[in-house]
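An overview of the molecular structure
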Amino acid sequence: MLRLKEYRNQWFSNIRGDILSGIVVALALIPEAIGFSVIAGVDPKVGLYASFAIACVAAFTGGRPAMISAATAATAVVMVSLVKEHGLQYLFAATILMGILQILSGALKLARVMRFVSRSVITGFVNALAILIFIAQLPELIDVPTQTYWMIAAGLGIIYLFPYLTKAIPSPLIAIVVLTLIAWSTGMELRTVGDLGELPSAFPIFALPQVPLTFETLQIIFPYSVTLAAVGLLESLLTAQIVDDMTDTPSNKNQECYGQGTSNIASALIGGMGGCAMIGQSVINVSSGGRGRLSTFVAGAFLLFLIVVLNDLVKIIPMAALVAVMIMVSIGTFSWRSVLDLRRNPLPSSVVMLATVVTVVTTHDLAKGVIVGVLLSGIFFAGKVAKLFTVSKQSDESTNTLTYRVEGQIFFASAESFIHSFDFSSAHAHIMIDVSRAHLWDITAVGALDKIVLKLRSSGAQVEVRGFNRASADMIDKFALHDKAERQAASNSLH
């Protein structure tokens, strides 16, 4: 658990910046939450209530200060068939189970799997998300009045130029206010937030899902809950890593699992859908000066205030203003350096990054892209490590002995090459295999050594293997078949 002083510092060390950045994020959350509700096939208030609950609760229980969590497209697409086939109440039940599974993931410290996500995968994930954020703005850029383009251009101008005057107030907030005043005062006919759907006019209330507490209900929701929990944690942990890099501060990934779980349970209990971290809004928050937990809480709390108390004002905000902010996010999120590095980086790294981008953009599924990237990284790594061993041989004709010296790592990926490094047609009467500079990692390596020794002995040679390190000797002692007496001797020499 966080120490009290550190936790207090995460709340109150940047009050002004966190409040202002949280207001900007709250405004940007409205169209996103409504859009994701539409994707999931539910009323807009389900996504809006979820964004409020998830952000506020994650601010207290999460492990990454300044990261924004809310309703997201990644989880919304998983919910579509559940809502369509079984109804909204089953979605709430599935979201509660989703949260429980995420809390269990934190208890089991499953966040450690992030160690297997390479930098190339993270870069591909970021670039793909930047592209998806831009693609999501296209409906607001196609077949729209000309003044929409002028308003977006003006918004981008304010966002990028206003910081040269002062950074005391986030430029995206200034852009939203200025463009809203211009649209309202001139009477421009622009698409507004109110055109997206009806905003709720009442505060959410606590309610348990109205589903039968039976095994049949569990059978229905469990597959969805597992998928939601996995997708939500994957996107959240990747986003946490990105915010770590942006702010040059560490975060507690296992604590983030707890935070995501508790916030999703809270969301379901007030009629909200499941969600996870949002990289776009997190980038807005950090870019606008947000650094602490207060920024996340303000984003959620001010969102609820906007949609319930100031909904008449929110309805007139032109979509052009929010599109300008999201285009800024898209441009800022994309790793432009990665394009230049394509020719400098090793080919496998570039292939992994591009494969992640292509998979995410074509499927609109972040989880699939990351899985493809991780699998490719594993394949390339295994291929590279498989070459990190050598087998040299030296012949002593006076004693008719042939000595093989093995150096490096022997495991499932290098086992086949290891076997092919030996000459089974040799006429030497004595063969020595020296593995003092080698390490046998798994039973595949032990099996390869068994095969080599037994094959050499079948040709009439006397074979001796020597030099096992402690870990390799333990593997030989437990699993080798070529010589039990030899296994026992290897074990006795070390114990």
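Note: the structure precedes this text.
Structure report, in brief. Nothing here was measured: the structure is a model prediction, and the numbers come from that model.

Quick notes on the rules
- Residues numbered from 1 in each chain as written.
- Predicted model: local features only at pLDDT ≥ 70, side-chain atom pairs only at ≥ 80, totals over all residues.
- Heavy atoms only, no water.
- 1 Å grid on protein atoms, 1.4 Å probe; cavity = no way out; pocket = protein on both sides within 12 Å on 5 of 7 lines; lining within 4 Å.
- Points joined across faces, edges and corners; volume = space filled by probe spheres on them.
- Helix = DSSP H or I, 4+ residues; strand = E, 2+ residues; numbered from the N terminus.
- Nonpolar A, V, L, I, M, F, W, Y, C, P; charged D, E, K, R; others polar.
- Expected span 1.5 Å × (residues − 1).
- Buried < 20%, exposed > 50% of the residue type's maximum accessible area, 1.4 Å probe, protein only.
- Contact = heavy atoms within 4.5 Å.
- Polar contact = N/O pair within 3.5 Å; in protein donor to acceptor, adjacent residues only side chain to side chain.
- Disulfide = S-S within 2.5 Å.
- Lys, Arg positive; Asp, Glu negative; His and termini not counted.
- Salt bridge = Lys/Arg side-chain N within 4 Å of Asp/Glu carboxyl O.
- Axes fitted to C-alpha atoms, helices over the stretch in contact; angles between N-to-C directions.
- Parallel < 35°, antiparallel > 145°, perpendicular 65-115°, else oblique.
- Phe/Tyr/Trp six-rings, centres within 6.5 Å; stacked < 30°, edge-to-face > 60°.
- Lys NZ or Arg CZ within 6 Å of the ring centre and 35° of its normal.

Right, let's get into empty space enclosed by the protein. In this structure the tally under the stated criterion is one cavity of 30 Å³ or more. Here the largest cavity is characterised by a volume of approximately 60 Å³. Along its surface, the largest cavity is lined by Ala58, Ala59, Gly62, Arg64, Pro65, Ala66, Met67, Ser69, Glu256, Gln260, Arg293 and Thr296. Going through the elements one at a time, α3 (44–61), α10 (253–269) and α12 (293–308) are the ones with two or more residues in the lining of the largest cavity. Its residues assigned to classes, the lining of the largest cavity shows five nonpolar, four polar and three charged.

Every α-helix winds through 3.6 residues per turn, so residues three or four apart in the chain are directed the same way. Taking 1.5 Å per residue as the helical rise, helix α19 (residues 443–458) with its 16 residues ought to reach 22 Å, and the 22 Å between its terminal C-alpha atoms agrees with that figure. Taken together, the buried positions of α19 are occupied by Ala445, Val446, Ala448, Leu449, Asp450, Ile452, Val453 and Leu456. At its buried positions, α19 is contacted by β4 (401–410), α18 (415–420), β5 (430–440), β6 (462–466) and α20 (470–479). Positive phi appears at Gly460, one or two residues downstream of α19, with a value of about 100 degrees.

The next point concerns α3. The terminal C-alpha atoms of α3 lie 26 Å apart, and with 18 residues this matches the ideal 26 Å at 1.5 Å per residue to within 8%. For α3, the N-terminal cap is Asp43; the gap from its side-chain oxygen to the backbone nitrogen of Lys45 is 3.0 Å.

Time to look at the state of the cysteines. Here is the idea: a disulfide is a covalent bond, and it sits between the sulfur atoms of two cysteines. Overall, the coordinates contain zero disulfides when judged by the stated rule. The cysteine Cys276 is free of any disulfide, with Cys257 supplying the nearest cysteine sulfur at 12 Å. The class for Cys276 is buried, based on a relative accessible area of 0%.

You can see Glu235 is positioned in helix α9 (residues 215–247). Buried and unpaired, Glu235 has no salt bridge, with Lys368 as the nearest side chain of opposite charge at 14 Å. If sequence neighbours within four positions are ignored, Glu235 has contacts with Ala74, Phe125, Cys276, Ala277 and Leu366.

Moving on to unusual backbone geometry. Here Asp143, not a glycine, exhibits a phi torsion of approximately 55 degrees, which is positive. Within the secondary structure, Asp143 sits in the loop between α6 (119–136) and α7 (146–161). Owing to a relative accessible area of 78%, Asp143 belongs among the exposed residues under this scheme. Notably, Asn400 is not glycine yet its phi reads approximately 55 degrees, a positive angle. Position of Asn400 among the secondary structure elements: in the loop between β3 (389–396) and β4.

Bringing the packing of helix α11 (residues 279–287) against helix α14 (residues 319–333) into the picture now. It is at 10 Å that the axes of α11 and α14 come closest, and there the two elements cross at 90 degrees. Judged by the inter-axis angle, α11 sits roughly perpendicular to α14. For the pair α11 and α14, contact is made by Ile279, Gly280, Gln281, Val283 and Ile284 and by Val325, Met326, Val329 and Thr333, respectively. For the contact of α11 with α14, the class distribution of residues is six nonpolar, three polar and no charged.

Across all of its chains, the model carries ten aromatic pairs by this definition. Each ring, one from Phe389 and one from Phe418, has its centre 6.2 Å from the other, and the planes form 80 degrees; the classification is edge-to-face. In this pair, Phe389 is assigned in strand β3 and Phe418 in helix α18, connecting sequence segments 29 residues apart. Relative accessible area serves as the criterion here: at 11%, Phe389 is assigned to the buried category. Members of the aromatic cluster, connected to one another through ring pairs, are Trp11, Phe12, Phe60 and Phe297. Above the plane of the ring of Phe424 lies Lys455, whose end atom (NZ or CZ) is 4.7 Å from the centre.

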